[in-house]
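One letter stands for each residue in the lines below.
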Amino acid sequence: MAAAPPPSAPGGPEPPPAPPLQYSVLLQHLVGEQRRPRAWDPAALGGIPSPPKSEEQKMVERAMESCAFKAALACVGGFVLGGAFGVFTAGIDTNVGFDPKDPYRTPTAKEVLKDMGQRGISYAKNFAIVGAMFSCTECVVESYRGKSDWKNSVISGCITGGAIGFRAGLKAGVIGCGGFAAFSAAIDYYLR
């Protein structure tokens, strides 16, 4: 037996039936383009309220978020990391201090340390340049696009790799662009 419809009010028209729930509209409001971001206020949630930032704090934040500061920080970090990497690779290389004119002579400690220092400085310079180029281009791309997502690192990786590889020709520039972009995407995927 079918259930009888609810009785209408005496003398009035029947109310229209409720529209069916459309999941696509619901999804647009939950995860789609019509989703409204929530403002999380720690004071409203029972957290520790923070006082408003002073002008000095805002100025320091602006300076630390600038492209120049990010590039300088990446340059210094790349220099330190590259130097450590260069010294490490020189330490495990068996040809450090090797003299091709006299292959049976054992290199002195001074010669080995000199060679390790030269390799460390060389790697440090290269890492510093690559770090500064990548950081600066990523910051410029992020500022231009107005978004902070994985595409920024891929684009800047392509620009950096292409610029480095282009010195050896067009083919090397294209390969460098693809390689740096893929590496940047993998690192960004792993870190986010």
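I will try to describe carefully the structure that is included in this document.

**Regarding the overall build of the protein chain**
So, point 1. Helix and strand counts for the protein chain stand at six helices and zero strands.
So, point 2. In the protein chain, the succession of helices and strands from N to C terminus is α-α-α-α-α-α.
So, point 3. Taking all 192 residues of the protein chain together, the buried fraction comes to 18%.
So, point 4. In the protein chain, the share of contacts with a sequence separation of at least 24, taken over all contacts with a separation of at least 6, comes to 53%.
So, point 5. Surface exposure of the protein chain reaches about 15,200 Å², of which carbon and sulfur atoms provide 67%.

**Considerations on the packing of helix α4 (residues 109–145) against helix α5 (residues 150–165)**
So, point 1. The contact between α4 and α5 brings their axes to 8 Å, and the two run at 135°. Considering their axes alone, α4 and α5 lie oblique with respect to each other. Note that α4 runs across α5; the crossing there is right-handed. Residues V130, M133, F134, T137, E138, V141, E142 and R145 of α4 form the contact with α5, whose participating residues are K151, N152, S153, I155, S156, G157, I159, T160, A163 and I164.

**As for the packing of aromatic side chains**
So, point 1. Tallied over the entire structure, the rule returns two aromatic pairs.
So, point 2. Look at F85 and Y123: their rings are 5.7 Å apart centre to centre, the planes differ by 40°, and that puts the pair in the tilted class. One end of the pair, F85, is in helix α3 (residues 67–92); the other, Y123, is in helix α4, and 38 residues separate them in sequence.
So, point 3. The class of F85 is partly exposed, set by a relative accessible area of 39%.

**A short note on the environment of F69**
So, point 1. Of note, F69 is situated in helix α3.
So, point 2. Note on F69: relative accessible area 33%, which makes it partly exposed.
So, point 3. The spacing of F69 and S135 is 66 residues in sequence and 9.7 Å in space, taken between C-alpha atoms.
So, point 4. Not counting residues up to four positions away in its chain, the partners in contact with F69 are A63 and M64.

**As for a nonpolar patch on the surface**
So, point 1. The grouping of Y23, L26, L27, L30 and V31 at the surface amounts to a nonpolar patch, some 530 Å² of accessible area in total.
So, point 2. Along the chain, the position of Y23 falls in helix α1 (residues 23–30).

**Here we look at the layout of surface pockets**
So, point 1. There is about 580 Å³ of room inside the largest pocket.
So, point 2. Taken together, 19 residues make up the lining of the largest pocket; nearest its centre are V130, G131, F134, F180 and F183.
So, point 3. Among the elements that take part in the lining of the largest pocket, α4 stands out by supplying seven residues, more than any other.

**Some words on the state of the cysteines**
So, point 1. The full count for this structure, using the stated rule, is two disulfides.
So, point 2. Paired through a disulfide, C67 and C139 show a sulfur-sulfur distance of 2.1 Å. The sign of the -80° torsion about the S-S bond sets the C67-C139 disulfide as left-handed. Placement of the pair is C67 in helix α3 and C139 in helix α4, with a sequence separation of 72 residues.
So, point 3. Accessibility expressed as a relative area gives 23% for C67, which makes it partly exposed.
So, point 4. One disulfide bridge connects C158 with C177, the sulfur atoms lying 1.7 Å from each other. Measuring handedness by torsion sign, the sulfur bridge of C158 and C177 sits at about -65° and is left-handed. One end of the pair, C158, is in helix α5; the other, C177, is in helix α6 (residues 170–191), with 19 residues separating them in the sequence.
So, point 5. On the accessibility criterion, C158 (27% relative accessible area) is partly exposed.

Reading the values: the criteria
- All residue numbers refer to positions counted from 1 along the written sequence of the respective chain.
- Reporting of local features is limited, given that this is a predicted model, to residues whose pLDDT is at least 70; pairs of side-chain atoms are given and counted only at 80 or more, and all residues count toward the totals for whole chains, interfaces and linings.
- Side-chain metrics rest on all non-hydrogen atoms present in the structure, leaving aside hydrogens and water.
- Counting from the N terminus, the helices are DSSP H or I runs at least four residues long and the strands are E runs at least two residues long.
- A simple rule labels every residue: compare its accessible area, found with a 1.4 Å probe on the protein chains alone, to the largest value its type can have, and call it buried under 20%, exposed over 50%, or partly exposed in between.
- What makes two residues a contact is simply this: any of their non-hydrogen atoms within 4.5 Å.
- The method behind every accessible area is Shrake-Rupley, applied with a 1.4 Å probe, and residues are considered shielded solely by the protein chains displayed.
- The convention used is that axes are lines fitted to C-alpha atoms, helices contributing only their stretch in contact, and that angles between N-to-C directions extend from 0 to 180 degrees.
- Any angle that is under 35 degrees is reported as roughly parallel, and any over 145 degrees as roughly antiparallel; angles of 65 to 115 degrees are reported as roughly perpendicular and all others as oblique.
- Each crossing is labelled by how the near helix is turned from the far one, with a counterclockwise turn of less than a right angle marking it left-handed and a clockwise turn marking it right-handed.
- For Phe, Tyr and Trp, rings pair up if their centres lie within 6.5 Å, where Trp contributes its six-membered ring, and each pair is then called stacked (planes under 30 degrees apart), edge-to-face (over 60) or tilted (otherwise).
- Nonpolar side chains (Val, Leu, Ile, Met, Phe, Trp, Tyr) are joined into patches within 5 Å and like charges within 9 Å, using only residues with over 30% relative accessible area and no salt bridge.
- Any Lys or Arg side-chain nitrogen located within 4 Å of an Asp or Glu carboxyl oxygen qualifies as a salt bridge.
- A 1.4 Å probe that fits into a set of points on a 1 Å grid over the protein atoms alone but cannot get out defines a cavity; an open set with protein on both sides within 12 Å along at least five of seven lines defines a pocket, and lining residues are those with an atom within 4 Å of a point.
- Grid points are joined across faces, edges and corners, and a volume is the space filled by probe spheres set on the points.
- Disulfides are defined in this document as cysteine sulfur pairs within 2.5 Å.

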